[in-house]
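Remarks on the overall topology
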Amino acid sequence: QVQPVESGGGLVQAGGSLRLSCVASGRTFSSYAMGWFRQAPGKEREFVAAISWSGGHTVYADSVKGRLTIARDNAKNTVYLQMNSLKPEDTAVYYCAAGTPKYYNDYAGYDYWGQGTQVTVSS
């Protein structure tokens, strides 16, 4: 069991960068795939990126490919989301999740969720 806690959100201008971090307490962090999801006001939660337990496999939503990069450090129980070339449509609450999903982009496959961190991109 793990408990993810996100940080690093904030306000940034379009074209800028942010790095989100997610520290997941618990000794089994390296057993789980980690995912980032986001939810904008009035919209459903959507998949952003995911990484396998070893870090050897990553998956991205088409809308963020080439701009966002997911990485993990199992020694630090931490997963990162480097966000570059941000756009106003990236504005959302970003959630970190841990689990053993059959499909990385399926939020139902993640068992443990953080509280989220707000990212706001101004135009």
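Preceding block: the structure.
Residues numbered from 1 in each chain as written. Predicted model: local features only at pLDDT ≥ 70, side-chain atom pairs only at ≥ 80, totals over all residues. Heavy atoms only, no water.

As for the overall build of the protein chain
- What the protein chain contains, in helices and strands, is 0 helices and 11 strands.
- Order of helices (α) and strands (β) in the protein chain, N terminus to C terminus: β-β-β-β-β-β-β-β-β-β-β.
- Over its C-alpha atoms the protein chain spans a radius of gyration of 13 Å, differing by no more than 12% from the 14 Å that the globule rule assigns to 123 residues.
- Counting only residues that meet the buried cut, the protein chain has 43% of its 123 residues in that class.
- When contacts within the protein chain are restricted to residue pairs at least 6 apart in sequence, those whose partners lie at least 24 apart make up 58%.
- Entry remark: accessible area of the protein chain is about 6,400 Å², with carbon and sulfur atoms responsible for 47%.
- Looking at the protein chain, you have 11 positive and 9 negative side-chain charges, and the mean spots of the two groups are 5 Å apart. (Helix = DSSP H or I, 4+ residues; strand = E, 2+ residues; numbered from the N terminus. Rg over C-alpha atoms; globule rule 2.2 N^0.38 Å. Buried < 20%, exposed > 50% of the residue type's maximum accessible area, 1.4 Å probe, protein only. Contact = heavy atoms within 4.5 Å. Areas by Shrake-Rupley, 256 points an atom, 1.4 Å probe, with all protein chains shown as cover. Lys, Arg positive; Asp, Glu negative; His and termini not counted. Charge placed at Lys NZ, Arg CZ, Asp CG, Glu CD.)

Notes on the packing of aromatic side chains
- Summed over all chains, the structure comprises 5 aromatic pairs.
- Here the aromatic rings of Tyr110 and Trp113 are separated by 6.3 Å at their centres, their planes lie at 70°, and the arrangement is edge-to-face.
- Assessed through its relative accessible area of 4%, Tyr110 is described here as buried.
- Here the guanidinium or amino end of Arg45 rests over the ring plane of Tyr95, the centre of that ring lying 4.0 Å away. (Phe/Tyr/Trp six-rings, centres within 6.5 Å; stacked < 30°, edge-to-face > 60°. Lys NZ or Arg CZ within 6 Å of the ring centre and 35° of its normal.)

Remarks on the side chain of Thr117
- One can find Thr117 in strand 11 (residues 117-122).
- For Thr117, a relative accessible area of 9% gives the class buried.
- Side-chain polar atoms of Thr117 contact the backbone nitrogen of Gly9, separated by 3.2 Å.
- When neighbours within four sequence positions are excluded, Thr117 is seen to be in contact with Glu6, Ser7, Gly8, Gly9, Leu20, Ala92, Val93 and Tyr94. (Polar contact = N/O pair within 3.5 Å; in protein donor to acceptor, adjacent residues only side chain to side chain.)

Thoughts on the sheet that holds strand 3 (residues 18-25)
- Spatial strand order, 1-3-8-7: 4 strands in an open sheet with antiparallel pairing. Since the sheet does not close on itself, it has two edges, and those belong to strand 1 (3-7) and strand 7 (68-73), each with one partner. Taken pair by pair, the neighbouring strands of this sheet meet at an average axis angle of 20°, ignoring direction.
- The pairing of strand 7 with strand 8 (residues 78-83) spans 6 bridges and is antiparallel. When the bridges of strand 8 are listed, Arg72 appears paired with Val79. (Pairing = 2+ DSSP bridges. Axes fitted to C-alpha atoms, helices over the stretch in contact; angles between N-to-C directions.)

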